[in-house]
Amino acid sequence: MADHGSKRSGGPLIIIGGGEDREGERVILREVARHLNGGKLVLATVASHQPEGYFETYQKAFADLGIEDLVELYVNDRAETLDPEKLRLFDGAAGVFFSGGDQLRISSQIGDTPVEQRVREIHERGGVIAGTSAGASMMSETMLVKGTSGESYKIGDLHMAPGLGLVRDVIIDQHFAERGRFGRLFGAVAHNPRELGIGIDEDTALVLQDSRFEVIGNGCVYVADGAGVTHSNIAEARPERALSMYDIRLHVLSAGDSFDLAKRRPAVVLDVTVSHAIEAHAAG
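Residues numbered from 1 in each chain as written. Predicted model: local features only at pLDDT ≥ 70, side-chain atom pairs only at ≥ 80, totals over all residues. Heavy atoms only, no water.

Trainee: Whenever I open this one, the overall build of the protein chain confuses me. Can you help?
Mentor: Scanning the protein chain for helices and strands turns up eight helices and 17 strands. Its C-alpha atoms give the protein chain a radius of gyration of 19 Å, within 12% of the compact-globule value 19 Å for 284 residues. Projected onto its principal axes, the C-alpha coordinates of the protein chain cover approximately 65 × 40 × 35 Å. In the protein chain, which comprises 284 residues, the share counted as buried stands at 53%. Mean positive and mean negative side-chain charge positions of the protein chain (29 and 42 charges, respectively) differ by 2 Å. (Helix = DSSP H or I, 4+ residues; strand = E, 2+ residues; numbered from the N terminus. Rg over C-alpha atoms; globule rule 2.2 N^0.38 Å. Buried < 20%, exposed > 50% of the residue type's maximum accessible area, 1.4 Å probe, protein only. Lys, Arg positive; Asp, Glu negative; His and termini not counted. Charge placed at Lys NZ, Arg CZ, Asp CG, Glu CD.)

Laid out in structure tokens, this is it:
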């Protein structure tokens, strides 16, 4: 079997669906702090057009989780990614946290720049990279940028762009159940069935190490697998036509569940042939 969905070796990725608890139990931020182990965190507010207030909010949220060395990285444009003072912010950092906003701002402003290189260096030597909302979407190679929420997917209604590619062969969407984004995730998978579609609810995250992730938080993570799709009208239909797609497989995971991206299966269940046998029995 091909090694789909594997990520490069390095530290964990904590991919958050947005709206993470910052005042109560803070399960997700506590997990970020655990991996930092008291080390320095760079809060990258690059996704926001108006970043004021983000830093103070997270500074307060992390303060009594043992993270006191928190610095903010913001760039107005790509030219600032060459600024030595910006790059020095990464010195000695144990991790980077990307806040929400516009994921296209992250990829367009820091993609293929010295700032991205510093992020990758931290990751490759074992540091944690976390991202919430837009900071979650940019983790994948192919990034969902825009598409209608809360209704069936129309063939022409989807915009995708390259992300930073910290994890391969997946497309990540966020604020998932809250904004009714099933249609647009199915549309993304129809465009490229090789890639798993991952939808993450608010106050929910997946913690990815190597090719396996575990779900934490209060909601669900949805994995849409189009590898076995037998029909879709994505290539032939008019742009205003609704998507049709047969035999897509959907997994719904909650806190404590694990998923193996390389095997495209939940980590603790039987082989997919068992599922096929159950389907055959039900059909018979």
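There is more to say after this.
Trainee: Please clarify how the pairing of strand β11 (residues 212–217) should be interpreted in this entry.
Mentor: On a regular strand, each side chain points to the face opposite its neighbour's, so the side chains alternate between the two faces of the sheet. Judged from the six bridges that link them, strand β10 (residues 204–209) and β11 form a sheet pairing that is antiparallel. Each bridged residue has a counterpart across the sheet, and for Val207 the counterpart in β11 is Glu214. Here β10 folds back onto β11, and the loop between the two strands holds two residues, one of which, Asp210, carries a positive phi near 55°. Across three bridges, β11 lies against strand β16 (residues 258–260) in antiparallel orientation. Looking at β16, one finds that Phe213 is bridged to Phe259. (Pairing = 2+ DSSP bridges.)

Trainee: I would appreciate a short explanation of the sheet that holds strand β15 (residues 249–254) in the present structure.
Mentor: Whether parallel or antiparallel, the strands of a sheet pair through hydrogen bonds between backbone atoms. Taken together, the four strands give an open sheet; going across it, the order is β8-β9-β12-β15, and neighbouring strands pair in mixed fashion. Two strands close off the open sheet at either side, each with one partner strand: β8 (170–173) and β15. Sheet twist, expressed as the mean angle between neighbouring strand axes with direction ignored, is 20°. For β8 and strand β9 (residues 196–200), the ladder comprises four bridges, and the chain directions are parallel. Residue pairing across strands places Ile171 opposite Gly197, the latter belonging to β9. Sitting on the sheet, helix α7 (residues 182–191) is in contact with β8, β9, β12 (220–225) and β15, with an inclination near 35° to β12. (Axes fitted to C-alpha atoms, helices over the stretch in contact; angles between N-to-C directions. Contact = heavy atoms within 4.5 Å.)

Trainee: In this structure, what is going on with α7? I would like to understand it.
Mentor: Each α-helix winds once per 3.6 residues, and so residues spaced three or four apart point in a common direction. Of all 10 residues that make up α7, seven are buried, and the element is covered over most of its length. Those residues of α7 that sit buried are Gly183, Arg184, Leu185, Gly187, Ala188, Val189 and Ala190.

Trainee: Looking at this structure, how should I read the packing of aromatic side chains?
Mentor: Between two aromatic rings, the relevant description is the distance of the centres plus the angle of the planes. Enumeration according to the criterion identifies eight aromatic pairs in this entry. Ring geometry for Phe213 against Phe259: centres 5.6 Å apart, planes inclined by 20°, an arrangement best described as stacked. Here Phe213, found in strand β11, pairs with Phe259, found in strand β16; they are 46 residues apart in sequence, far enough to count as distant. Aromatic ring contacts, followed pair by pair, group Phe176, Phe182, Phe186 and Tyr222 into a single cluster. (Phe/Tyr/Trp six-rings, centres within 6.5 Å; stacked < 30°, edge-to-face > 60°.)

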